[in-house]
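Each chain is listed here by its residues.
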Amino acid sequence: MQQVVIGLSIGFTVRLLFASVELAGEVVGFQMGLNFAAFFDPSMNTQSSALGRFFGQLTALLFILLNGHIMILMAVTQSFEAFPVGMSALDALHKLQLFKLGTDLFSSALWIALPMVSMLMFVNLALGIVSRVAPQMNIFAVGFPITLAVGLLGVALTLPLLEPPFISLMERVIGLFVGG
């Protein structure tokens with residue numbers, strides 16, 4: 001029973017890792033105005049935005065490229081040393097303290113989305129000033145394409161910055177099961 005709980009918690013933490021990057025994509029998509037184009041996600045049985053799914057697919061690719069699957073297998077083998085077979089399942093869960101990982105992953109998702117959100121907030125502030133200066137201009141007709149173009153440009157520029165936070169999150173997740 002204890003090994004089943006450890007295996008399920010490894011899978012849960014890896015899913016939390018992917019969910020944090022997907023949450024960053026959802027937040028950026030919300031700022032860009034792309035959340036109205038939500039698609040059905042069969043893996044989660046919910047709807048997700050296009051940018052959230054893009055970040056999720058990109059995270060899966062990055063996970064494979066960084067040999068995350070091998071790191072997970074190493075964590076499974078080393079978890080037998082960190083959590084001996086005789087230990088009870090509740091003691092193993094108490095030793096893992098997965099609730100701390102949830103808060104770290106949520107803050108990491110917001111940290112990943114921070115450059116894009118701040119840039120889009122600046123664009124929205126500039127559009128607000130333009131709408132006050134020229135009230136006859138239809139800001140909805142002008143603002144959406146500008147926000148979308150700046151958002152896509154920002155995603156293209158900040159995509160290479162996704163690797164370091166993802167690596168640190170992956171190390172933190174693996175460290176739970178290796179070091180105990």
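Treat the numbers as computed from the prediction; the structure is a model and nothing was measured.

## Quick word on the overall build of the protein chain
1) Next: Along its length, the protein chain carries 7 helices and 2 strands.
2) Next: On C-alpha atoms alone, the protein chain measures out to a radius of gyration of 20 Å, which is more than a quarter above the 16 Å that the 2.2 N^0.38 rule sets for 180 residues.
3) Next: Referenced to the eigenvectors of the C-alpha coordinate spread, the extents of the protein chain come out at roughly 75 × 30 × 25 Å.
4) Next: Counting every position in the protein chain, which comprises 180 residues, the buried fraction comes to 36%.
5) Next: In the protein chain, 77% of the contacts between residues at least 6 apart in sequence involve partners at least 24 apart.
6) Next: Carbon and sulfur atoms make up 73% of the accessible area of the protein chain, which amounts to about 10,300 Å² in all.

## A short note on the packing of helix H1 (residues 2-32) against helix H3 (residues 68-82)
1) Next: One way to put it is that H1 packs onto H3 with a least axis distance of 11 Å and a crossing angle of 150 degrees. One element, H1, and the other, H3, form an angle in the roughly antiparallel class. Judged by the twist between their axes, the crossing of H1 over H3 is right-handed. Here Gln 3, Ile 6, Ile 10 and Val 14 of H1 lie close against H3, whose contacting residues are Ile 72, Ala 75, Val 76, Ser 79 and Phe 80.
2) Next: Here the residues of the contact of H1 with H3 sort into 7 nonpolar, 2 polar and no charged.

## Topic: the environment of Met 74
1) Next: By the secondary structure assignment, Met 74 is in helix H3.
2) Next: Placed 100 residues apart in sequence, Met 74 and Ile 174 show a C-alpha to C-alpha distance of 8.6 Å.

## Here we look at the confidence of the model for the protein chain
1) Next: Per-residue confidence for the protein chain averages 84 on the pLDDT scale, and 95% of its residues sit at or above 70.
2) Next: Put simply, helix H4 (residues 89-96) is where the protein chain has its lowest mean pLDDT, 69, and helix H2 (residues 50-65) is where it has its highest, 90.

## Considerations on the side chain of Ser 49
1) Next: Structurally, Ser 49 can be placed in strand E2 (residues 46-49).
2) Next: In terms of polar contacts, Ser 49 uses its side chain to reach the backbone amide nitrogen of Gly 52, at 3.2 Å.
3) Next: Contact partners of Ser 49, with chain neighbours within four places excluded, come to Gly 25, Glu 26, Leu 34, Asn 35, Ala 37 and Ala 38.

## A few points about unusual backbone geometry
1) Next: In this structure, Asn 67 takes a positive phi of about 60 degrees despite not being glycine.
2) Next: Mapped onto the elements, Asn 67 comes out in the loop between H2 and H3.

## Some words on the pattern of salt bridges
1) Next: The full count for this structure, using the stated rule, is 2 salt bridges.
2) Next: Between Arg 15 and Glu 22 there is a salt bridge, and its shortest N-O distance comes to 3.2 Å.
3) Next: We classify Glu 22 as partly exposed; its relative accessible area is 21%.
4) Next: With a shortest N-O distance of 3.7 Å, Arg 172 and Asp 104 are connected by a salt bridge. Of this pair, Arg 172 sits in helix H7 (residues 163-179) while Asp 104 sits in helix H5 (residues 98-133), placing them 68 residues apart in sequence.

## Description of helix H6 (residues 139-158)
1) Next: Over its 20 residues, H6 extends 27 Å from the first C-alpha to the last, a length consistent with the 28 Å expected when each residue adds 1.5 Å.
2) Next: Burial in H6 covers these residues: Gly 143, Thr 147, Gly 151, Gly 154 and Val 155. Take H6 and look down its axis: the buried residues cluster within an arc of 100 degrees, on one side only. Residues of H6 that are exposed and point over 90 degrees away from its buried face: Leu 153, Ala 156 and Leu 157.
3) Next: Those residues of H6 that are buried lie in contact with H1, H2 and H5.

## Focus: the packing of H1 against H2
1) Next: At a minimum axis distance of 7 Å, the contact between H1 and H2 shows a crossing angle of 145 degrees. The two elements H1 and H2 meet at a crossing, and its hand is right-handed. Across the interface between the two elements, Val 14, Phe 18, Val 21, Glu 22, Ala 24, Gly 25, Glu 26, Val 28, Gly 29 and Met 32 from H1 touch Leu 51, Gly 52, Phe 55, Gly 56, Thr 59, Ala 60 and Phe 63 from H2.
2) Next: Class assignment of the residues belonging to the contact of H1 with H2 gives a composition of 10 nonpolar, 5 polar and 2 charged.

About the criteria used
- Residues numbered from 1 in each chain as written.
- Predicted model: local features only at pLDDT ≥ 70, side-chain atom pairs only at ≥ 80, totals over all residues.
- Heavy atoms only, no water.
- Helix = DSSP H or I, 4+ residues; strand = E, 2+ residues; numbered from the N terminus.
- Rg over C-alpha atoms; globule rule 2.2 N^0.38 Å.
- Buried < 20%, exposed > 50% of the residue type's maximum accessible area, 1.4 Å probe, protein only.
- Contact = heavy atoms within 4.5 Å.
- Areas by Shrake-Rupley, 256 points an atom, 1.4 Å probe, with all protein chains shown as cover.
- Axes fitted to C-alpha atoms, helices over the stretch in contact; angles between N-to-C directions.
- Parallel < 35°, antiparallel > 145°, perpendicular 65-115°, else oblique.
- Left-handed = near helix turned anticlockwise from the far one by under 90°.
- Nonpolar A, V, L, I, M, F, W, Y, C, P; charged D, E, K, R; others polar.
- pLDDT = per-residue confidence, 0-100.
- Polar contact = N/O pair within 3.5 Å; in protein donor to acceptor, adjacent residues only side chain to side chain.
- Salt bridge = Lys/Arg side-chain N within 4 Å of Asp/Glu carboxyl O.
- Expected span 1.5 Å × (residues − 1).
- Arc of directions from axis to C-beta.

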